Amino acid sequence: MDFELSKPQKLLQSSVRELLSRECPTERVRELMATETAFDEGLWQHLADQGLIGLTLPEEHEGMGLGAVELAAVAEVMGSFCLPGPFLSNHWASTLLATAGNNNLAEAYLEPIVDGTLRATIALLEASGDWDPAGVTATAKAQPAGGGYRLDGNKLFVSDADTAGLILWVARLGDELAIFSLSAGIAGMEIEAMPAIDATRKLYRVTLSDVTVPSDRLLAGGEQARAALAFATREATIAACAELVGGMQWITNTTVEYAKSRQQFGKPIGAFQAVQHRCADLLLHLESARSATYSAAWAVAENDPEVDRLVSVTKAYCSDAAREVASSGIQVHGGIGFTWEHDLQLYFKRAKSNELLFGDATYHRERIARMIIDR
Amino acid sequence: MDLTLSPSERAFRDELRAWLASNLPEPFAGQAHSEDRDYLEYLRAWQRRLFEAGYSGLTWPAAFGGRGATPVEQSLFVEEMARAKAPDVVGAIGIGLIGPTIIAIGSDEQKAAYLEPILSGDQIWCQGFSEPDSGSDLASLATRAVRDGDDFIVNGQKIWTSYAHVADYCFLLVRTDSAAQKHKGITCLLVDMKSEGITVKPLRMMSGDAAFNEIFFSDVRVPAGQVLGEIDGGWRVAITALMNERANLGAAVRVMLARFLETLIAALPEIPRPSSSHPSGSMSAAEDPLVRQKIAQAHLDLEVFGMTADRALARVATDGVPGPEGSILKLFWSELNQRMTQGAMEIAGPYAQLADEQEVWGEISYAYLRARGNTIEAGTSEVLRNIIAERVLGFPKSY
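All figures in this text were calculated on a predicted structure; none of them were measured in a lab.

Definitions and limits used
Residues numbered from 1 in each chain as written. Chains lettered and ligands numbered in written order. Predicted model: local features only at pLDDT ≥ 70, side-chain atom pairs only at ≥ 80, totals over all residues. Heavy atoms only, no water. Helix = DSSP H or I, 4+ residues; strand = E, 2+ residues; numbered from the N terminus. Buried < 20%, exposed > 50% of the residue type's maximum accessible area, 1.4 Å probe, protein only. Areas by Shrake-Rupley, 256 points an atom, 1.4 Å probe, with all protein chains shown as cover. Rg over C-alpha atoms; globule rule 2.2 N^0.38 Å. Contact = heavy atoms within 4.5 Å. Buried area = accessible area lost by both parts, 1.4 Å probe. Salt bridge = Lys/Arg side-chain N within 4 Å of Asp/Glu carboxyl O. Phe/Tyr/Trp six-rings, centres within 6.5 Å; stacked < 30°, edge-to-face > 60°. pLDDT = per-residue confidence, 0-100. Axes fitted to C-alpha atoms, helices over the stretch in contact; angles between N-to-C directions. Parallel < 35°, antiparallel > 145°, perpendicular 65-115°, else oblique. Polar contact = N/O pair within 3.5 Å; in protein donor to acceptor, adjacent residues only side chain to side chain. Domains from an automatic or database assignment. Nonpolar A, V, L, I, M, F, W, Y, C, P; charged D, E, K, R; others polar. Patch = residues over 30% accessible without salt bridge, like charges linked within 9 Å, V, L, I, M, F, W, Y side chains within 5 Å. Lys, Arg positive; Asp, Glu negative; His and termini not counted. Charge placed at Lys NZ, Arg CZ, Asp CG, Glu CD. Core = buried A, V, L, I, M, F, W, Y, C linked by side-chain atoms within 4.5 Å. Pairing = 2+ DSSP bridges. Disulfide = S-S within 2.5 Å.

## Here we look at the overall build of chain A
Piece 1. Looking only at helices and strands, one finds 11 helices and 10 strands in chain A.
Piece 2. Taken along its principal axes, the extent of the C-alpha atoms in chain A is 80 × 45 × 40 Å.
Piece 3. Evaluated residue by residue, chain A yields a buried proportion of 59% over its 375 residues.
Piece 4. Accessible area for chain A stands at about 14,400 Å²; split by element, carbon and sulfur atoms hold 51% of it.

Here it is in structure tokens:
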């Protein structure tokens, strides 16, 4: 048993770190926050050129074919830079495209995604805010005589819809789940911004009214759709956890450093036990979240039979831990930590958006309860 | 990164699993309290059986009766014991902390006299560290040992000493030089608990059992050959032992906590939840969304603790030293157990206050009471946070 990242995994991490320190310092993060889409074409192309967009996508579609551990290693670094834009949503959607078992659509879209010219996102959540696809109500109706499908519905909290050329729309076709691959901007589709506290990743409402699409837009249906969405969500959830770990690492480093240099009562505030103990708890949360994230990433990569439970354990833990760490980091900083000027606010808000993304701790605890109480 | 088991680790686990399947004793029939002599003999017999099969002192070198197992194999052992609901290892203090210290710095005579009996359970050891005026500030200890010919004469008092009421030997810290700085005049003695002048007085814990004690030393003669390590060099011995103690308590506690949570989950369908708190009508605890949240939280805390413990073990295996994750383990599990038992009490409602341990309620209330001690024994949470702040985060000493 070995928890250390391998040499190639560490190299991958340091190449991402190098890229982001050059292309994505916090000044750039703040500039992008202030834009409508938080999307930087040049930065995206850099990510694509390094193979990061297709990191876990199959080699037959020009991806790197790596696993969830490498994904976690990369996402951790991205989280430590609070990387703006659609990396997570695009990863989620492209993984769904690659695993849904529809070769025509995968062939048409995965290559442009991997080379950086196209982005995709998934429209799943509705007014209920339920991450469980069983709660989807948006309707798909088969039209007579092979006339395709009629789609109606209202999706909320769709990440980065404005810069995605492809929207994977999760609907209900009769009693079954069905996922459609829609080009952005088709007639009858409306995209409207939902301004949110984490301005580094934008959210949208996407509405379809009386949209008819040809049959070949059906990416997957029934059990195949459910399984592919579950797989993609599992992997993306690990990436979100790893982002949280990277953010917690940044907050812990920054806070400990500040407590050592900030003087009050003639000594550094880090000489006081009340401050020291808060910092010790930052480390406890950070390292526990790291252990969980990489254990779960390993379980995803190895298709462990317990993977669903382990992913929920990890997402629940990281969601709560990151919120605690971000809050505590601000408290140790005092007044300066509460300002717009200090970068803590970026990480605090990202901790919240990642906490909610793919289900918060309450959602995942109920999933765990089903697995350990109702078994 | 590779979290799969190596072929030899897998073979170790499978062999152990098979052994447990045919060697696990029947659960103890009476009250499983440490002051009960029958229970003690039951536990000694279990340890002897483990010893005879080569499962006692796994990580000890083969030359001293262990099997030189890796930390990962040690962790597998603990996991399999938990899975099988095996009884506790009564000589855990000797195996986990005193034996390894004797192996590291003991004389050949000491190794010959103590190591095998520690493994077999023939010798139960206690650890005479804390005193009434020396708790977290252990180095201020005042129990004196004065040289008299070939002996030391010991006077003083120890407190909170687990197993002293049943122990054959005590791993005792004494002050041998009062003039030196407090860390420098301490010596470690291996003391026969049958020596004249030793009085053991059990202390009842708030949970009702008497697992720890006061020990009074009145002119107790200890031969100078019983010094472990150097005279006046006992502080280093103490620190080594304390580090082992924290690591070992963590491994053992994983067994206990997992077992408790399983018991609680099995009881849920029988625990009623009043209709007054659920407009939709009365339901069992297994269906109550609030209960489900608490149970899942306990489960995930325990899982994350386990993952961190595994990571710490893997680090020890590759680097020989525990990483930052090592120092946070004791802090994590002790507070997690308090959260978990507190949650269990809330779930049980008015039944939580019942004390009959033949019923699940008594098990819950006992665990709840006992958990209060977890954040105090083997280093209080405050001392552990000081250690993390100073040694891992590099803050100045705050006391």
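## As for the overall build of chain B
Piece 1. A tally of regular secondary structure across chain B gives 10 helices and 10 strands.
Piece 2. For 399 residues, the compact-globule formula gives about 21 Å, and the C-alpha radius of gyration of chain B, at 22 Å, lands near that figure.
Piece 3. Dimensions of chain B, computed from the C-alpha atoms along their principal axes, are close to 80 × 50 × 45 Å.
Piece 4. The buried share of chain B, taken over its 399 residues, is 52%.
Piece 5. Taking contacts inside chain B between residues at least 6 apart in sequence as the whole, the part at least 24 apart equals 67%.
Piece 6. Put simply, chain B shows about 17,300 Å² of open surface, and 53% of that area lies on carbon and sulfur atoms.

## A short note on the interface of chain B and chain A
Buried accessible area, meaning the area lost when the parts come together, often serves as the stated size of an interface.
Piece 1. At the junction of the two partners, chain B supplies 41 residues and chain A supplies 46 residues.
Piece 2. For the pair chain B and chain A, the summed buried surface comes to about 4,300 Å²; carbon and sulfur atoms form 66% of the total.
Piece 3. Counting the surface chain B buries against chain A, the share from its top three residues, Met1, Leu3 and Arg292 of chain B, is 19%.
Piece 4. There are five salt bridges connecting chain B and chain A.

## Side note on the packing of aromatic side chains
Piece 1. Throughout the structure, instances matching the rule amount to 22 aromatic pairs over all chains.
Piece 2. When the ring of Trp92 of chain A is compared with that of Phe358 of chain A, the centres are 5.0 Å apart and the planes differ by 75°; the resulting orientation is edge-to-face. Linking Trp92 of chain A in helix H5 (residues 87-99) with Phe358 of chain A in the loop between helix H10 (344-356) and helix H11 (361-372), this pair joins segments that are 266 residues apart in sequence. As far as burial versus exposure is concerned, Trp92 of chain A and Phe358 of chain A are alike and both buried.
Piece 3. The interplanar angle of 25° and the centroid separation of 5.9 Å between the aromatic rings of Phe129 of chain B and Phe171 of chain B together place this pair among those described as stacked.

## Points about the confidence of the model for chain B
Piece 1. Looking at chain B as a whole, its pLDDT mean stands at 90, while 95% of the residues score no less than 70.
Piece 2. For chain B, the element scoring lowest by mean pLDDT is helix H6 (residues 234-267) of chain B, at 80; strand S5 (residues 186-192) of chain B scores highest, at 98.

## A closer look at the packing of H11 of chain A against helix H7 (residues 289-319) of chain B
Piece 1. One can describe the packing of H11 of chain A onto H7 of chain B by two numbers: an axis separation of 8 Å at closest approach and a directional angle of 85°. Relative to H7 of chain B, the element H11 of chain A is oriented roughly perpendicular. Residues Thr362, Arg365, Glu366, Ile368, Ala369, Arg370 and Ile372 of chain A of H11 of chain A lie in contact with H7 of chain B, whose contacting residues are Arg292, Gln293, Ile295, Ala296, Gln297, His299 and Leu300 of chain B.

## Some remarks on the side chain of Ser89 of chain A
Residue and element names in this part refer to chain A.
Piece 1. On the secondary structure map, Ser89 appears in helix H5.
Piece 2. Taking relative accessible area as the criterion, Ser89 reaches 6% and is therefore assigned buried.
Piece 3. At 2.7 Å, the side chain of Ser89 forms a polar contact with the side chain of Asp160.
Piece 4. Dropping the residues within four chain positions of it, Ser89 is found in contact with Ala120, Thr121, Ser159 and Asp160.

## Here we look at the domain arrangement of chain A
Residues and elements named next belong to chain A.
Piece 1. Structurally, chain A comprises domain 1 (7-114), domain 2 (120-221) and domain 3 (224-372).
Piece 2. Listed as interface residues are 23 residues of domain 1 and, on the opposing side, 24 residues of domain 2.
Piece 3. When the buried surface of domain 1 facing domain 2 is broken down by residue, Trp92, Leu96 and Leu105 rank first, second and third, together holding 26% of it.
Piece 4. Inspection of the region where domain 1 meets domain 2 yields eight residue pairs in polar contact (both at pLDDT 80 or more).
Piece 5. Elements represented by at least two residues in the side of domain 1 that touches domain 2 include exactly helix H2 (26-33), H5 and helix H6 (103-114).
Piece 6. It is H5 that contributes the most residues to the side of domain 1 that touches domain 2, seven residues altogether.
Piece 7. Here the side of domain 1 that touches domain 2 is composed, by residue class, of 16 nonpolar, six polar and one charged.

## Some remarks on a negative patch on the surface
Piece 1. Judged by side-chain charge, Glu60, Glu62, Glu107, Glu111 and Asp115 of chain A come together as a negatively charged surface patch.
Piece 2. Tracing the chain through its elements places Asp115 of chain A in the loop between H6 and strand S1 (120-123).

## Section: the domain arrangement of chain B
Residues and elements named next belong to chain B.
Piece 1. Parsing chain B into structural domains produces domain 1 (7-120), domain 2 (125-232) and domain 3 (237-392).
Piece 2. Taking the mean C-alpha position of each, domain 2 and domain 3 sit 31 Å from one another.
Piece 3. Facing the 12 residues of domain 2 at the interface are 11 residues of domain 3.
Piece 4. Counting each side, the surface lost to burial between domain 2 and domain 3 is near 880 Å², with a carbon and sulfur contribution of 75%.
Piece 5. Of all residues in domain 2, Ser136, Met206 and Ser207 give up the largest surface area on contact with domain 3, accounting jointly for 43% of the area buried on that side.
Piece 6. Linking domain 2 with domain 3 are zero salt bridges, by the criterion used here.

## Some details on unusual backbone geometry
Residues and elements named next belong to chain B.
Piece 1. One non-glycine residue, Tyr163, lies in positive phi territory at about 65°.
Piece 2. Summarising the element assignment, Tyr163 is placed in the loop between strand S3 (151-162) and strand S4 (169-175).
Piece 3. According to the relative accessible area criterion, Tyr163 is partly exposed, its value standing at 25%.
Piece 4. One non-glycine residue, Asp219, adopts positive backbone phi at about 45°.

## Some points on the nonpolar core
Piece 1. Within the largest apolar cluster, 178 residues are counted, with the highest numbers of intra-cluster contacts made by Leu20 of chain A together with Ile295 of chain B.
Piece 2. Here this core takes 17 residues from helix H7 (residues 222-261) of chain A, the largest share from any one element.
Piece 3. Not counting residues up to four positions away in its chain, the partners in contact with Leu20 of chain A are Pro25, Leu43, Leu47, Val77, Met78, Phe81 and Leu83 of chain A.
Piece 4. Trp60, Leu173, Trp235 and Val237 of chain B belong to the second-largest nonpolar core, a separate cluster that totals 29 residues.

## What to know about the pairing of strand S2 (residues 139-142) of chain A
Every regular strand shows the same layout, with side chains that alternate between the two sheet faces.
All names here are of chain A.
Piece 1. Judged from the four bridges that link them, S2 and strand S3 (residues 149-159) form a sheet pairing that is antiparallel. The partner of Ala140 across the bridge, within S3, is Leu151.
Piece 2. Two successive antiparallel strands, S2 and S3, enclose a turn made up of six residues, where Ala145 displays a positive phi of approximately 55°.
Piece 3. Relative to strand S4 (residues 166-173), S2 is paired through two bridges, and the arrangement is parallel.

## Description of the environment of Gly91 of chain B
Residue and element names in this part refer to chain B.
Piece 1. Relative to the assigned elements, Gly91 resides in the loop between helix H3 (71-83) and helix H4 (92-105).
Piece 2. On the basis of relative accessible area, Gly91 is assigned to the buried category, the value being 3%.
Piece 3. As for Gly91 and Leu354, which are separated by 263 residues in sequence, their C-alpha atoms are 31 Å apart.

## What to know about the state of the cysteines
Piece 1. Evaluation of the coordinates by the stated rule reveals zero disulfides over all chains.
Piece 2. Left without a disulfide partner, Cys126 of chain B is nearest to the cysteine sulfur of Cys170 of chain B, which lies 3.8 Å away.

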